[in-house]
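# Notes for the structure review
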Amino acid sequence: MSGTRSDGELLRAIAADADRRAFEELYRRYAPWLTARLRGRCADPSVVDDVVQETFLAVWRGTARYHEEGDAAGWLWRIGSRRLVDALRGDGARGRLRQALARLRHRDEVSAEERVLAGVEHGDLAGALVRLSPELRAVLQATVIDGLTTREAAVLLGIPPGTVKTRAMRARKQLREELA
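These notes cover the structure that comes with them. Every value quoted in this text rests on a predicted model; they were computed, and no experiment measured them. All chains use their own residue numbering, which begins from 1 and follows the written sequence. Per-residue local features of the predicted model are confined to residues with pLDDT of at least 70, and side-chain atom pairs are confined, for both listing and counting, to 80 or more; whole-chain, interface and lining totals are unaffected and use all residues. Side-chain figures throughout are based on the complete set of non-hydrogen atoms in the structure, without hydrogens or water.

Below, the discussion takes up empty space enclosed by the protein. Cavities and pockets are found on a 1 Å grid laid over the protein atoms alone: a cavity is a set of points where a 1.4 Å probe fits but cannot escape, a pocket is an open set with protein on both sides within 12 Å along at least five of seven lines, and a lining residue has an atom within 4 Å of such a point. Grid points are joined across faces, edges and corners, and a volume is the space filled by probe spheres set on the points. Per the stated rule, a full pass over the model turns up 1 cavity of 30 Å³ or more. Roughly 60 Å³ of internal volume is contained in the largest cavity. Taken together, Arg41, Ser81, Leu84, Val85, Leu88, Leu148, Glu152 and Leu156 make up the lining of the largest cavity. Put simply, DSSP marks the helices as runs of H or I at least four residues long and the strands as runs of E at least two long, and each gets a number from the N terminus on. Elements with a contribution of two residues or more to the lining of the largest cavity: helix H4 (72–89) and helix H9 (150–157). Take the lining of the largest cavity: its biggest share by element is 4 residues, from H4. For this scheme, ten residues count as nonpolar: Ala, Val, Leu, Ile, Met, Phe, Trp, Tyr, Cys and Pro. Four count as charged, namely Asp, Glu, Lys and Arg, and the remainder, Gly too, count as polar. For the lining of the largest cavity, a count of residues per class yields 5 nonpolar, 1 polar and 2 charged.

Here it is as structure tokens:
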């Protein structure tokens, strides 16, 4: 077949015929993108690399089912992000994540999110966020900026889901009071 095949064509060829070339093309097309997105959620490159491999293995083995009406990138992201949460649930991965986050906390470089939030001029949102405790800020980042569910944020932060809910509620209340 000449020309570039669509994502749907590649996925159908992988599912129906175990087409290795289609799989390789899909991998080349999406593995770098998925790796970059997952690294935004996890600072440990070895965990991210494992998750990317597990994601594409699920595609190859057919354990992850693609539905024709969906976006292939979004579908791969859902598989990868769920696999990342699963990987972080393990004690070994959790310890590696804590070490990586501890190294990041002690860097002098400001994160992209902090730079954006510091540039907010309407109201004193940036100031209000800075005045939140690190625990409350971490919950807001996980649930609002990263879009994790309460359960996923709990796994990522190593705290119970109820604590995530309580901290999120306290953070919102504190922000409302400061911005009123």
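Locating threonine 55 in the fold gives a position in helix H3 (residues 45–61). Distance in space between the C-alpha atoms of threonine 55 and leucine 84 is 9.4 Å, their sequence separation being 29 residues. In this structure the side chain of threonine 55 is engaged in a polar contact, spanning 2.8 Å, whose partner is the backbone oxygen of valine 51. Whenever two N or O atoms come within 3.5 Å, that pair is a polar contact, provided that in protein one can donate a hydrogen and the other can accept it, and provided that, for residues adjacent in sequence, both atoms are side-chain atoms.

Between the N-to-C directions of two axes lies an angle of 0 to 180 degrees, each axis being a line fitted to C-alpha atoms and, for a helix, fitted only over the stretch in contact. Two numbers describe how H4 lies on H9: the axes approach to 9 Å, and their chain directions differ by 40°. Taken as axis vectors, H4 and H9 run oblique relative to one another. Crossing hand, H4 versus H9: left-handed. On H9, the residues that touch Val85, Leu88 and Arg89 of H4 are Arg151, Glu152, Val155 and Leu156. Residue composition of the contact of H4 with H9, by class: 4 nonpolar, no polar and 3 charged. Here is the rule for angles: anything less than 35 degrees is roughly parallel, anything more than 145 is roughly antiparallel, 65 through 115 is roughly perpendicular, and the remaining ranges are oblique. Each helix crossing is assigned a hand: it is left-handed if the near helix lies turned anticlockwise from the far helix by less than a right angle, otherwise right-handed if that turn is clockwise. The contact definition used throughout considers only heavy atoms, calling two residues in contact when any of these lie within 4.5 Å.

Now for the nonpolar core. Think of a nonpolar core as a cluster: buried Ala, Val, Leu, Ile, Met, Phe, Trp, Tyr and Cys residues, connected wherever their side-chain atoms sit within 4.5 Å. The cut-offs for exposure are 20% and 50% of the maximum accessible area for each residue type, with area from a 1.4 Å probe on protein chains only; residues under the lower value are buried, those over the upper are exposed, and the others partly exposed. Counting residues in hydrophobic clusters, the biggest one holds 38 residues, and the most contacted among them are Leu26, Leu38, Phe56 and Val59. Those elements giving two or more residues to this core turn out to be helix H1 (7–17), helix H2 (20–39), H3, H4, helix H8 (134–145), H9 and helix H10 (161–179). Ranked by residue count, the leading element in this core is H4, at 9 residues. Beyond its immediate stretch of four places on either side in the chain, leucine 38 contacts Val48, Val51, Val52, Trp77, Gly80, Ser81 and Leu84. Core analysis: the next-biggest nonpolar cluster, separate from the first, contains 7 residues, Leu132, Leu136, Ala171 and Leu175 among them.

With that settled, consider the pattern of salt bridges. Any carboxyl oxygen of Asp or Glu within 4 Å of a side-chain nitrogen of Lys or Arg constitutes a salt bridge here. By the definition in use, this model includes 6 salt bridges. Ionic pairing is found between aspartate 49 and arginine 39, a salt bridge with its closest N-O pair at 3.3 Å. Note that aspartate 49 is positioned in helix H3 and arginine 39 in helix H2, a separation of 10 residues in sequence. The class of aspartate 49 is partly exposed, set by a relative accessible area of 35%. Between glutamate 177 and lysine 173 there is a salt bridge, with the nearest N and O atoms lying 3.9 Å from each other. Of the two residues, glutamate 177 and lysine 173 both sit in helix H10, 4 residues apart, roughly one turn of that helix. Taking the relative accessible area as the measure of exposure, glutamate 177 reaches 52% and is therefore exposed. Each member of the salt-bridge network shares a partner with another, and the members are Asp7, Glu25 and Arg29.

Here glutamate 25 is to be found in helix H2. A relative accessible area of 19% means that glutamate 25 is categorised as buried.

Read these as geometric descriptors, not functional statements.
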